[in-house]
Structures are given as C-alpha cells and as structure tokens.
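# Geometric and topological summary
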Amino acid sequence: MAISAQATPAAVNRTELEERVKAMYHEVAQTPDHDFHFEMGRGLAERLGYDPAALDRIPAAAIDSFAGVGHFFDLVALLPGESVLDLGSGSGMDSLIAALAVGAEGRVEGLDMTEAQREKATRLAREAGFTNVDFHAGYIESPSFPDDSIDAVISNGVINLSADKPRVFAEAARVLKPGGRLALADIVTEKPLPESVSCNATLWAACIGGALQQDAYRAAIESAGLAIEAWREHPEYRFLTESAQGASSTYGVKSISLLAIKR
C-alpha cells in the first residue's frame, strides 16, 4: 500500500513508515518463526475459523506466513467461476483458499507491495499446481484492474496499514461489479488513537498505529457506495507484545470482519 501524504498524520515520517511496513512483511515472508507483535501461522488460522480441510489443500509454507486478523470466507461465500481480488495478498494463503473455492473456471488476483511476499506466493502456487491465481506488484490504493470487473474483493489485516483508507474502499468499489462483495478482516479501534500511537511507525507496521475508529471505518466504506451487511468481532485474535497489548486495552483495538455489497 502507498503511504499517502494527504491522509497520513503530519508527524509521521512517511518514508520511514513505508520502509518499516515493507521491512516487517519481508521478514514475515522470509522468517515467519521470528517474534512479531502479532501471532501467525496455522494455529491462528484455525482459531479464527479457517476450515482445516481447506488448509490441508494449500502449501504449509503459505500458512506459516499467514498474519491475518480474522476470517470472512463464510461471509463472502465464493462461487465456482467467480473473479476475486485479494488486497494485500501476502504469502498467498487467502488467495489460494479463494482459488479452491472459485475452481478452474474462476480467477484470483493477488496484489501486494512487498516483493518477498509476492515471490513466495507465486512460487508456492506454481509448485502446488494452482493455475487460476496470479500475484501482482502494486498498492491497494491503486489496483490496476478495470471498472466493474471483479465479483469479490477480499483483504485480511491490511487496510489498517494504509494511510488513505477512503481511497482503498473507493477503489474496491470501482473494480467490483454491481452487486459485488467486499469481504475483509481488519483492525479497528473503539476510541480514536492519539498521535503518540498513530505517529509511531513501529506500531503502525504492527497493525495498531494505523487503525481507524470503528464508526469512521464504517463511514468510509459506506461513502464509497458499499452497503455493510455483516459486521462481527474476533475476540480470539490477540496481540503478543506488551506495547501492542497496552495500546489495545487502552483504546479498544480489536479485530473485526465484515461483508459489504456494491450498490
């Protein structure tokens, strides 16, 4: 995702912020066994609600680097033959699960700004024989796909990292077909974050500093022409480090998933 000058708090060093985000998710791809602010891997995926049988059908290395914050596949209910865009596709776990759901006649496009993530996802998909998924370089604020071309846009734990969330939602609405679905999991807050948190590049990269207050998050989606049909919290998701847990408890930082429909 791009770090937007317009939407980023003035005190944030935007260059540092993007570098921190890229560096962290490069490490997520290359060394998923390292310690992070957040949990990763298959245990997390199953606790969030992923189907173990589906996880068994995709490469374990993609699951090892899974750093999502919720589960939405029951909400989006993908159908054979549909087209899917995965915003911030990482090492490819959600894209590959989507590829299983849409089948050989469907298509999944993953979009990510981190080279190591894209390379890993592409390699794993090809080694596992997936022919209906591709991974593209780019930012979630500017996906290079045609208007009204996608049946479902998905994203997991990524939009909070964007400094221009309204643009992300507007672009998701643009590429969706009429009646298309946006299904995502993300981090939001109950209280607005102070600058001491929102201007901390490390907490931003850890999925906390960029989190939007939940009412503002909903309003940004609806302003893009998307109608929210389902919204749920994931109390089973948790941060691991003391600094992340402190911000979480003080400002109500939490994981949610949702389904929205293009009007």
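Bear in mind that the values here come from a model prediction, so they are computed numbers and not experimental data.

Criteria and cut-off values
Residues numbered from 1 in each chain as written. Predicted model: local features only at pLDDT ≥ 70, side-chain atom pairs only at ≥ 80, totals over all residues. Heavy atoms only, no water. Buried < 20%, exposed > 50% of the residue type's maximum accessible area, 1.4 Å probe, protein only. Helix = DSSP H or I, 4+ residues; strand = E, 2+ residues; numbered from the N terminus. Arc of directions from axis to C-beta. Phe/Tyr/Trp six-rings, centres within 6.5 Å; stacked < 30°, edge-to-face > 60°. Lys NZ or Arg CZ within 6 Å of the ring centre and 35° of its normal. Lys, Arg positive; Asp, Glu negative; His and termini not counted. Salt bridge = Lys/Arg side-chain N within 4 Å of Asp/Glu carboxyl O. Contact = heavy atoms within 4.5 Å. Pairing = 2+ DSSP bridges. Right-handed = clockwise from strand over helix to strand, strands pointing away.

What follows covers helix 12 (residues 242-251). All of the buried residues along helix 12 are Ala244, Ala247 and Ser248. Projected down its long axis, helix 12 shows its buried positions confined to an angular sector of 100 degrees, all on one face. Turned more than 90 degrees away from the buried face of helix 12 sit Glu242 and Ser249, all of them exposed. Looking at the residues trailing helix 12, positive phi occurs at Gly252, about 70 degrees.

All told, the structure shown has 6 aromatic pairs when counted by the stated rule. An angle of 85 degrees between the planes, with centres 5.4 Å apart, marks the rings of Tyr237 and Phe239 as edge-to-face. In textbook terms, an aromatic cluster arises when at least three aromatic residues are bridged by ring pairs, as seen for Tyr50, Phe66, Phe72 and Phe73. Looking at Arg218, its charged tip hangs above the ring of Trp231, at a distance of 4.8 Å from the centre.

Looking at the element boundaries, Lys165 is found in helix 8 (residues 165-175). The charged side chain of Lys165 is buried without a salt bridge, its nearest counter-charge being Asp186 at 6.7 Å. In this view, Lys165 contacts Ile159, Asn160, Gly210 and Leu212; residues no more than four positions away in its chain are not counted.

This part takes up the pairing of strand 1 (residues 83-87). The buried fraction of strand 1 amounts to 5 of the 5 residues, a majority that puts the element mostly inside the structure. Burial along strand 1 is two-sided: Ser83, Leu85 and Leu87 facing one way and Val84 and Asp86 facing the other are all buried. Relative to strand 2 (residues 107-112), strand 1 runs parallel, the two being bridged by 5 bridges. Among the inter-strand pairings, Leu85 is bridged to a residue of strand 2, identified as Glu109. As a crossover connection, the stretch from strand 1 through helix 6 (residues 93-102) into strand 2 is right-handed. Note: strand 1 against strand 4 (residues 150-156), 4 bridges, orientation parallel. Within strand 4, the residue paired with Leu87 across the bridge is Ser155.

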